[in-house]
Amino acid sequence: MIGGLFIYNHKGEVLISRVYRDDIGRNAVDAFRVNVIHARQQVRSPVTNIARTSFFHVKRSNIWLAAVTKQNVNAAMVFEFLYKMCDVMTAYFGKISEENIKNNFVLIYELLDEILDFGYPQNSETGALKTFITQQGIKGQHQTKEEQSQITSQVTGQIGWRREGIKYRRNELFLDVLESVNLLMSPQGQVLSAHVSGRVVMKSYLSGMPECKFGMNDKIVIDKQGKGGTTDEPGKSELGGSGKQSIAIDDCTFHQCVRLSKFDSERSISFIPPDGEYELMRYRTTKDIILPFRVIPLVREVGRTKLEVKVVIKSNFKPSLLAQKIEVRIPTPLNTSGVQVICMKGKAKYKASENAIVWKIKRMAGMKESQISAEIELLPTNDKKKWARPPISMNFEVPFAPSGLKVRYLKVFESKLNYSDHDVIKWVRYIGRSGIYETRC
Amino acid sequence: MTDSKYFTTTKKGEIFELKAELNSDKKEKKKEAVKKVIASMTVGKDVSALFPDVVNCMQTDNLELKKLVYLYLMNYAKSQPDMAIMAVNTFVKDCEDPNPLIRALAVRTMGCIRVDKITEYLCEPLRKCLKDEDPYVRKTAAVCVAKLHDINAQLVEDQGFLDTLKDLISDSNPMVVANAVAALSEIAESHPNSNLLDLNPQTINKLLTALNECTEWGQIFILDCLANYMPRDDRESQSICERVTPRLSHANSAVVLSAVKVLMKFMEMLPKDLDYYGTLLKKLAPPLVTLLSAEPELQYVALRNINLIVQKRPEILKHEMKVFFVKYNDPIYVKLEKLDIMIRLASQANIAQVLAELKEYATEVDVDFVRKAVRAIGRCAIKVEQSAERCVSTLLDLIQTKVNYVVQEAIVVIKDIFRKYPNKYESVIATLCENLDSLDEPEARAAMIWIVGEYAERIDNADELLESFLEGFHDESTQVQLQLLTAIVKLFLKKPTETQELVQQVLSLATQDSDNPDLRDRGYIYWRLLSTDPVAAKEVVLAEKPLISEETDLIEPTLLEELICHIGTLASVYHKPPSAFVEGSRGVQHKRIPARAGSGESAESSDVGQSGPSEAPPAVIPSQGDLLGDLLNLDLAPPTATVPSVQPSMQMGAMDLLGGGLDSLLGGDIGGSPSMGAGLGVAPAAMPTALGIAPAVGGVGMPTGSYVAPKTVWLPAMKAKGLEISGTFARRGGIIQMDLTLTNKAMSVMTDFAIQFNRNSFGLAPAGPLQVLTPLSPNQTIDVSLPLSTSGPVMKMEPLNNLQVAVKNNIDVFYFSCQYPLSLIFVEDGKMERQVFLATWKDIPNDNEAQFQIKDIHLNSDAASNKLQGSNIFTIAKRTVEGQDMLYQSVKLTNGIWVLAEMRIQTGNPNYTLSIKCRAPEVCQFVFLCYELVLKN
């Protein structure tokens with residue numbers, strides 16, 4: 001297990017040093033400074049073995065966190081713990097910086113004592129920690145016996161991420177479906193590879209211990225329901241509406257509040273949410289992706305010193321929606337001497353330092369198209385190698401989920417308090433962004 | 001108020017001042033002082049002198065202050081054992097505190113005070129805490145047992161804490177269970193043979209229940225513990241797998257990886273034909289891909305593990321090549337690992353894409369990455385034969401860039417390509433020689449010298465080139481020196497007249513002027529060889545080299561199995577067993593994968609380190625070097641003068657491989673055949689006389705039908721002192737023949753021909769002597785047909801259809817290898833019953849199915865099936881569905897293996913789709929090649 005945990009500033013000075021195991025000595029602190037921080041190279045591996053001691057390190061701004069061990073620990077767990085440690089510190093005092101760490105070193109020691117025992121990670125959910133690590137020392141003495149046992153049962157309990165007794169006057173929740181769509185398309189418009197990686201981020205401001213159930217248009221669930229429902233209303237799901245009914249999800253992972261065995265057996269997503277903002281799930285899809293933009297390139301070489309480029313972009317979504325922050329990047333050869341650009345919409349500029357024409361459009365509605373044409377003058381070279389023609393890349397943001405994911409419902413049940421699912425104010429927002437969105441030319 | 005000011009106390013006499021403050025009456029001042037002490041401690045100052053003063057502050061009701069004092073205690077108690085006793089009372093008292101947080105704090109801290117004298121005082125409080133009513137105290141006490149065990153193992157055993165700890169596995173609180181499991185696992189590690197973690201189906205069930213309820217960390221402890229369990233049978237194994245799979249959707253990558261570990265391990269026990277086995281394989285891929293979207297450090301851990309998984313079970317990720325393509329903003333350590341996995345996944349199907357990527361990477365900025373990318377291109381060439389030519393031309397392009405390290409790396413890999421495909425790409429030697437001067441790294445210099453020595457006869461100025469290296473002989477690294485020595489000796493053996501002086505020079509440099517024993521020894525060996533028996537020298541130095549294996553850096557199978565048991569841990573990141581980096585007794589135990597049900601090995605057998613399943617990957621094959629040894633030792637003089645000993649165990653190993661454990665496949669008669677011992681030395685008497693076909697008529701007049709490839713040169717005259725052999729294989733009316741053309745290009749008459757084969761995949765052996773009755777005079781050519789039998793000794797070859805041949809004449813013995821079309825061993829009674837076909841097709845697992853495209857065939861289905869029948873590929877049934885003809889075909893090999901095929905022909909489409917199924921999937925590729933050969937000719 002983890003033998004010790006050190007935090008350094010960028011100079012390699014120790015800000016926090018907590019040793020859990022006898023086999024880790026003070027010299028380990030220096031070994032890391034000398035061999036990793038002062039080595040000043042690019043980090044070649046996040047795990048370094050120095051004199052039979054292993055150092056796991058991550059860097060946040062210019063602060064180094066290093067976990068040290070001499071045993072065959074679970075490496076994935078150590079990194080997950082270090083990230084968690086960063087989350088906890090951020091939740092307590094904001095940004096991880098030298099100043100903040102020095103200002104809160106007593107708190108950090110207290111946290112380290114609690115969330116890592118003999119090198120074994122313990123409950124590290126901030127929701128629970130904040131109930132008893134408060135930096136107001138004396139509180140422990142004034143708690144009633146009930147309060148104390150409530151704390152301990154929560155810390156060790158099944159719902160370690162949420163404390164009891166949360167109250168809001170307005171029960172409200174926000175769901176953000178954030179997707180990044182990636183594409184590689186051939187010049188002829190054939191999709192070579194496309195995938196969406198998405199996240200569902202939830203902000204919950206709910207009283208008590210609400211039981212939530214999240215539903216989306218997951219193909220497996222819809223198909224199952226479709227089968228069950230055929231006796232009553234055959235074909236309803238096909239007629240229900242336009243567009244895609246359901247989507248095939250390649251893989252998804254969930255926050256630890258979600259009951260995984262239930263998902264595995266019934267594919268239903270049920271949970272008691274943490275309070276505040278957290279990431280409910282992540283997912284990947286590769287089938288039937290709505291590609292918000294299509295890029296149609298046309299590059300013609302006119303003699304040896306001139307290139308004609310014409311690029312058309314077509315927006316492929318409902319006309320009522322608006323895409324934003326559109327940027328098209330058209331690479332130019334290294335021996336470009338001058339560029340003339342004409343575009344119908346937005347602004348376009350040749351950026352010599354980036355070897356590209358950058359075309360920006362603030363907004364664009366669906367089912368529209370726009371065009372740019374450019375004449376590129378080239379310097380004659382005797383370089384025999386042909387220009388490799390890097391792909392045209394695109395950036396944008398659209399107000400829908402390119403995977404086709406739809407939130408069908410998020411039901412909230414809290415039997416002990418007198419508010420019902422109807423009283424909860426719910427907000428859902430979809431944002432699709434470009435990941436690596438490229439078209440070869 | 002901020003605490004950062006405590007870090008800035010650097011003035012002199014601060015210890016004295018702090019002492020005064022610690023003894024102050026004011027609580028606030030005391031607290032401030034302790035904070036200062038901790039800050040000093042953090043930055044590494046020795047504040048142990050304040051021990052009594054700090055401990056005095058321990059008796060306080062301020063929890064924060066108490067925690068700070070404890071922190072100090074943990075750090076310095078060891079250096080002040082006598083005074084540490086002072087703290088005992090407080091601990092004992094705190095363990096009785098009504099507040100569970102305080103009780104837990106006390107028990108947590110006292111375990112960290114590593115002073116022998118104290119420990120015995122702690123037993124009673126610990127015992128109470130282990131049975132505390134509050135789960136928070138119990139879960140802390142559980143860990144405390146592990147702490148105490150670390151200090152004084154005997155005490156823990158004597159006090160019976162281990163039993164209490166075991167009881168906690170049945171605790172109602174999942175977190176207590178998780179911590180108890182963690183503590184027990186750790187203690188068990190230092191007692192390898194204790195039955196401490198007595199895992200039985202009941203406890204396993206408890207653990208699996210707790211798994212659903214505890215924190216992410218607890219889930220990791222439990223999964224890591226589960227991985228050490230040996231299920232009783234495949235049913236138990238499956239039920240555990242079923243309950244572990246939901247964890248693959250956890251957001252915590254460590255939970256996912258630990259679950260993968262359990263599944264990878266227990267999967268071994270499931271019968272492969274089980275539906276669930278296939279389901280499980282499919283379930284593993286998506287979460288592994290998802291791990292690649294985690295933070296870079298975790299990606300690194302995941303990639304190192306995927307590297308192992310891909311070696312163990314390539315099928316899991318074989319379609320996921322694209323996710324391993326390098327992104328421009330990946331950290332370098334992620335890039336390097338991805339590159340490694342790309343090569344492991346490279347196959348004929350995706351090689352074009354991979355090569356395009358690699359070429360891209362070779363122009364990046366990071367030197368290590370570029371080098372690795374160049375090396376990867378070479379590895380692709382060796383792994384995927386069809387791509388070799390493309391790879392070589394890509395490497396040549398890269399050499400043209402003249403970027404120094406790219407050139408050097410390219411030369412190193414080209415050397416390997418030469419080794420793999422001898423006599424194929426020599427045309428590039430000239431380009432390589434142009435870059436001789438720019439090589440400054442030993443490995444590249446050595447590679448270049450090797451190339452020059454190996455192909456000395458093709459390079460006009462080889463002697464000059466080598467001589468130029470000789471000038472700075474003593475400044476070269478050992479690697480280069482050794483290579484140079486060998487290369488010059490090779491050169492001398494090839495061109496003795498012009499290079500006598502050179503060889504003298506290098507031998508004296510190596511033997512007299514060098515103090516490196518390796519170099520001296522090698523020098524002396526060469527010297528003596530050359531002076532006593534130049535012919536022997538030639539045989540040794542210019543011997544045919546063993547082929548290099550496809551994948552050069554595969555992890556050795558037993559280590560791989562062990563590492564699979566350590567998925568997620570440091571061992572899997574380092575790719576080393578824990579004993580290589582962990583001190584002491586911990587982790588020295590070797591973990592192993594359970595054996596598959598029915599493989600004959602008892603799952604409970606306890607011999608540690610002996611790793612299990614009989615279906616180990618190809619390492620069982622005796623290395624190619626041994627093969628060569630066999631051939632070299634062969635005495636070809638008839639009859640059997642020296643017979644190389646054939647070890648039955650080796651045979652069995654090879655058999656197992658081909659048959660994948662299904663012994664029946666490779667013809668059971670091999671093991672029992674009495675002729676087997678005689679093996680390679682087939683006496684003429686043993687030849688069935690009926691097969692003695694007059695050699696002159698050989699090629700003509702036979703009932704043909706099967707396609708016979710034109711003859712190709714197998715043994716060039718240059719390599720065989722003027723004897724040129726070209727040949728081909730044919731199957732005529734059930735008789736296998738090797739048609740040879742021998743040409744004497746030397747100046748003297750050749751006589752006394754004899755031929756011998758090395759052991760090979762299908763037991764091909766000459767069924768009679770080589771019928772060259774008249775001496776072969778210079779410039780004469782003779783055609784010979786040699787009948788072959790399939791009753792020779794068997795050993796799996798790489799590639800499968802490789803045949804190593806030795807031919808002897810009055811001058812010398814020559815060796816060459818050639819490859820026969822697999823249709824050679826398709827037997828005439830290979831037509832399967834329809835019903836049997838149907839059943840067999842279903843019976844063979846889908847994993848064994850291989851799909852191929854046969855392009856540009858302009859035959860209708862009937863013509864194709866006629867043509868194939870000529871080569872003993874029989875069409876059993878034909879079905880037409882929507883303009884598509886489906887032909888169902890069967891083939892039987894001489895050793896009894898059945899190959900089933902489905903060929904789809906679409907009218908108007910010249911490309912046929914061929915699906916081949918066989919219990920020995922290795923043969924599919926070769927069967928496909930036969931189809932192609934037959935249909936195209």
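Parameters and conventions
- Residues numbered from 1 in each chain as written.
- Chains lettered and ligands numbered in written order.
- Predicted model: local features only at pLDDT ≥ 70, side-chain atom pairs only at ≥ 80, totals over all residues.
- Heavy atoms only, no water.
- Helix = DSSP H or I, 4+ residues; strand = E, 2+ residues; numbered from the N terminus.
- Contact = heavy atoms within 4.5 Å.
- Areas by Shrake-Rupley, 256 points an atom, 1.4 Å probe, with all protein chains shown as cover.
- Buried area = accessible area lost by both parts, 1.4 Å probe.
- Salt bridge = Lys/Arg side-chain N within 4 Å of Asp/Glu carboxyl O.
- Polar contact = N/O pair within 3.5 Å; in protein donor to acceptor, adjacent residues only side chain to side chain.
- Expected span 1.5 Å × (residues − 1).
- Buried < 20%, exposed > 50% of the residue type's maximum accessible area, 1.4 Å probe, protein only.
- Pairing = 2+ DSSP bridges.
- Axes fitted to C-alpha atoms, helices over the stretch in contact; angles between N-to-C directions.
- Patch = residues over 30% accessible without salt bridge, like charges linked within 9 Å, V, L, I, M, F, W, Y side chains within 5 Å.
- Lys, Arg positive; Asp, Glu negative; His and termini not counted.
- Charge placed at Lys NZ, Arg CZ, Asp CG, Glu CD.
- pLDDT = per-residue confidence, 0-100.

Asks: Would you mind showing me how to read the overall build of chain B here?
Replies: Along its length, chain B carries 38 helices and 13 strands. Across chain B, every contact between residues at least 6 apart in sequence was considered, and the portion connecting residues at least 24 apart equals 67%. Entry remark: accessible area of chain B is about 38,300 Å², with carbon and sulfur atoms responsible for 51%.

Asks: What is the right way to look at the interface of chain A and chain B in this model?
Replies: Accessible area lost on assembly of the parts is the figure often given for the size of an interface. In this assembly, 82 residues from chain A lie in contact with 97 residues from chain B. Surface buried jointly by chain A and chain B totals about 7,700 Å² across both partners, of which 55% is contributed by carbon and sulfur atoms. Counting across the chain A and chain B interface gives 13 salt bridges. Across the pair Lys67(B) and Glu110(A) runs a salt bridge, and its minimum N-O distance is 2.7 Å. Between chain A and chain B we count 46 residue pairs in polar contact (both at pLDDT 80 or more) in total.

Asks: What am I meant to see in helix α6 (residues 100-112) of chain B here?
Replies: Each α-helix winds once per 3.6 residues, and so residues spaced three or four apart point in a common direction. All names here are of chain B. Its 13 residues give α6 an end-to-end C-alpha distance of 19 Å, which sits within 8% of 18 Å, the value for a rise of 1.5 Å per residue. Counting buried residues along α6, 13 of its 13 residues qualify, which places the element largely inside the surrounding structure. Regarding α6, its N-cap is Asn-99, as a side-chain oxygen of that residue lies 2.8 Å from the backbone nitrogen of Leu-101 further along.

Asks: Quick question: what am I supposed to make of the side chain of Ser237(B) here?
Replies: Residues and elements named next belong to chain B. Inspection of the secondary structure puts Ser-237 in helix α14 (residues 234-244). Looking at Ser-237, its side chain comes within polar contact range of the main-chain oxygen of Phe-266, at 2.9 Å. What Ser-237 contacts, discounting residues up to four positions off in sequence, is Pro-231, Phe-266, Met-269 and Leu-270.

Asks: Is there a simple way to explain unusual backbone geometry in this structure?
Replies: A negative phi angle characterises most non-glycine residues, just as the trans form characterises most peptide bonds. With an omega dihedral of -5 degrees, the bond running from Glu798(B) to Pro799(B) counts as a cis peptide bond. Along the polypeptide, Pro799(B) turns up in the loop between β6 (781-789) and β7 (802-808). Despite not being glycine, Ser61(A) has its phi angle at roughly 45 degrees, a positive value. Structurally, the position occupied by Ser61(A) is in the loop between β4 (53-60) and β5 (63-69). On the basis of relative accessible area, Ser61(A) is assigned to the partly exposed category, the value being 48%. Residue Met367(A) is not a glycine yet carries a positive backbone phi of 55 degrees. Note on placement: Met367(A) falls in the loop between β19 (356-365) and β20 (369-378). Residue classification places Met367(A) among the exposed positions, given a relative accessible area of 54%.

Asks: Hey, could you run me through the sheet that holds strand β10 (residues 874-881) of chain B in this one?
Replies: In a beta sheet, neighbouring strands pair by backbone hydrogen bonds and run either parallel or antiparallel. Residues and elements named next belong to chain B. An order of β9-β13-β12-β11-β10 is seen for the five strands of this open sheet, with the pairing classed as antiparallel. For this open sheet the edge positions go to β9 (849-854) and β10, each flanked by a neighbour on one side alone. Neighbour to neighbour, the strand axes of the sheet diverge by 20 degrees on average, direction disregarded. Note: strand β12 (residues 898-906) against strand β13 (residues 912-918), six bridges, orientation antiparallel. Bridge pairing links Leu-900 to Lys-917 in β13. Strands in contact with helix α38 (residues 924-936) are β9, β11 (884-892), β12 and β13; relative to β9, the strand with the most contacts, it is inclined by about 25 degrees.

Asks: Whenever I open this one, a negative patch on the surface confuses me. Can you help?
Replies: Residues Glu464(B), Glu467(B), Glu471(B) and Glu501(B) make up a contiguous surface patch of negative charge. Here Glu501(B) lies in helix α27 (residues 500-511).

Asks: Hey, could you run me through the pairing of strand β11 (residues 251-254) of chain A in this one?
Replies: Note on strand geometry: in a regular strand, side chains alternate between the two faces of the sheet. Residue and element names in this part refer to chain A. Alternating positions in β11 separate into two faces, Asp-251 and Thr-253 on one and Cys-252 and Phe-254 on the other, with burial throughout. Bridge count between β11 and strand β13 (residues 276-285): four bridges; the pairing is antiparallel. Note on β13: the bridge partner recorded for Phe-254 is Met-281.

Asks: In this structure, what is going on with the confidence of the model for chain A? I would like to understand it.
Replies: For residues with low pLDDT, the predicted coordinates do not support detailed interpretation. Here chain A averages 88 in pLDDT, while 92% of its residues score no lower than 70. Of the regions scoring below 50 in pLDDT, residues 229-243 of chain A engages in three contacts with residues more than four places distant in sequence or in other chains.

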